[in-house]
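# Remarks on the overall topology
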Amino acid sequence: MPLHAVEGLLDAATDAEIRREWVVLADAGLPSQAKHQGSTNAPHVTLALAGAVPDYVEARISRAVEGLATLPVRLGSLLVMGSRRFVLARLVVPSPQLLGLQQSLAAAMVGAPDVPEQVRPGRWTPHVTIARGLGSRQVGEALAVLGRARPLDGAIESVRRWDPDAGRTWRVGGKPTMGS
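Now for a description of the structure that goes with this document. (Residues numbered from 1 in each chain as written. Predicted model: local features only at pLDDT ≥ 70, side-chain atom pairs only at ≥ 80, totals over all residues. Heavy atoms only, no water.)

### Re the side chain of Arg161
Mapped onto the secondary structure, Arg161 falls in strand E6 (residues 152-163). Residues contacting Arg161, with those up to four places away along its chain left out, are His4, Ala5, Val6, Val53, Glu58, Ile61, Arg168, Thr169, Trp170 and Val172. (Helix = DSSP H or I, 4+ residues; strand = E, 2+ residues; numbered from the N terminus. Contact = heavy atoms within 4.5 Å.)

### Here we look at the nonpolar core
Counting 43 residues, the largest nonpolar core has Leu25, Val45, Leu47, Ile61, Leu88, Leu105 and Met109 as its most contacted members. With 5 residues, strand E2 (residues 44-50) is the single largest residue contributor to this core. Those residues in contact with Val45, other than ones at most four positions away along the chain, are Val6, Glu7, Gly8, Leu10, Val92, Trp124, Pro126, His127, Val128 and Ile156. (Core = buried A, V, L, I, M, F, W, Y, C linked by side-chain atoms within 4.5 Å. Buried < 20%, exposed > 50% of the residue type's maximum accessible area, 1.4 Å probe, protein only.)

### Comments concerning the environment of Val172
Relative to the assigned elements, Val172 resides in the loop between strand E7 (168-171) and strand E8 (176-179). Residue classification places Val172 among the buried positions, given a relative accessible area of 16%. In the structure, Val172 is positioned 109 residues away from Arg63 in sequence and 9.4 Å away in space, judged by C-alpha atoms. Those residues in contact with Val172 that lie beyond four places of it in its chain are Ile61, Ser62, Val65, Val159, Arg160 and Arg161.

### Quick look at the pairing of E6
Every regular strand shows the same layout, with side chains that alternate between the two sheet faces. Taken together, the 6 bridges between strand E1 (residues 4-10) and E6 define a ladder with antiparallel strand orientation. Across the sheet, the residue bridging to Leu10 is Ile156, located in E6. In this structure, strand E3 (residues 71-82) lies alongside E6, joined through 5 bridges in antiparallel fashion. Note on E6: the bridge partner recorded for Arg74 is Asp153. Pairing analysis gives 4 bridges linking E6 to E7, with the strands arranged antiparallel. From the neighbouring strand, Arg161 faces E7, where its bridge partner is Trp170. Where E6 hands over to E7, the hairpin turn is made up of 4 residues, of which Gly167 adopts a positive phi near 65 degrees. (Pairing = 2+ DSSP bridges.)

### Examining the pairing of E2
The element E2 is extensively covered by neighbouring structure, given that 7 of its 7 residues are classed as buried. Here 6 bridges tie E1 to E2, and the two strands are oriented antiparallel to one another. In the sheet register, Leu9 faces E2, and the bridge partner there is His44.

### Focus on the pattern of salt bridges
Overall, the coordinates contain 8 salt bridges when judged by the stated rule. Of the charged contacts in the structure, one is a salt bridge between Arg20 and Glu17, with a shortest N-O distance of 2.8 Å. Here Arg20 pairs with Glu17, and both are found in helix H1 (residues 12-27), just 3 residues apart, close to one helical turn. Between Glu117 and Arg123 there is a salt bridge, with its nearest N and O atoms 3.3 Å apart. Residue class for Glu117 comes out partly exposed when judged on its relative accessible area of 43%. For Arg123, a relative accessible area of 55% corresponds to the exposed category. Overlapping salt bridges, with partners in common, bring together Glu117, Arg120 and Arg123 in one network. (Salt bridge = Lys/Arg side-chain N within 4 Å of Asp/Glu carboxyl O.)

### Observations concerning helix H2 (residues 55-65)
For H2, every residue scored as buried is listed here: Val57, Glu58, Ile61 and Val65. Projected down its long axis, H2 shows its buried positions confined to an angular sector of 105 degrees, all on one face. Exposed residues lying more than 90 degrees from the buried face of H2 are Asp55 and Arg63. Of the surrounding elements, those touching the buried residues of H2 are E1, helix H3 (96-108), E6 and E7. Of the residues trailing H2, Gly67 is marked for its positive phi of about 75 degrees. (Arc of directions from axis to C-beta.)

What follows is the structure in structure tokens.
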């Protein structure tokens, strides 16, 4: 069951670089986020997750990001997560500002059901997903195809909510931006 998410959206240049990496993997016949054709698919940093977001939590999320300016981020090396099927991602180097935002959102999510351990403060690994569902051999192939991932300086320019039940996203505090 997909979880409701609070996501940091990247600036245009960083978004374009991540999409380029998606295409490189897809062109090599490997799993890639490029193959996810949904209108809500965009490179992002997941900041918070829950099974549902009650209205009172939604209001706290809005307050947590109120006045948020562009937040610089650095994408670092490739990261492999998982045990049987793997996720390939770019590590987002945790800055004090990014950790502060994530902690504020974790506090806003208190009371929401089914908040996974991996997004709780002190357990969160900030990253941008490149591919999901890779087998162990495919991980090696993907690393070879992508080559050395150079650090990439960018920014989180906005925060959005994703509602998997409604199949839509919207900027926090704004109008719906895409979805069905």
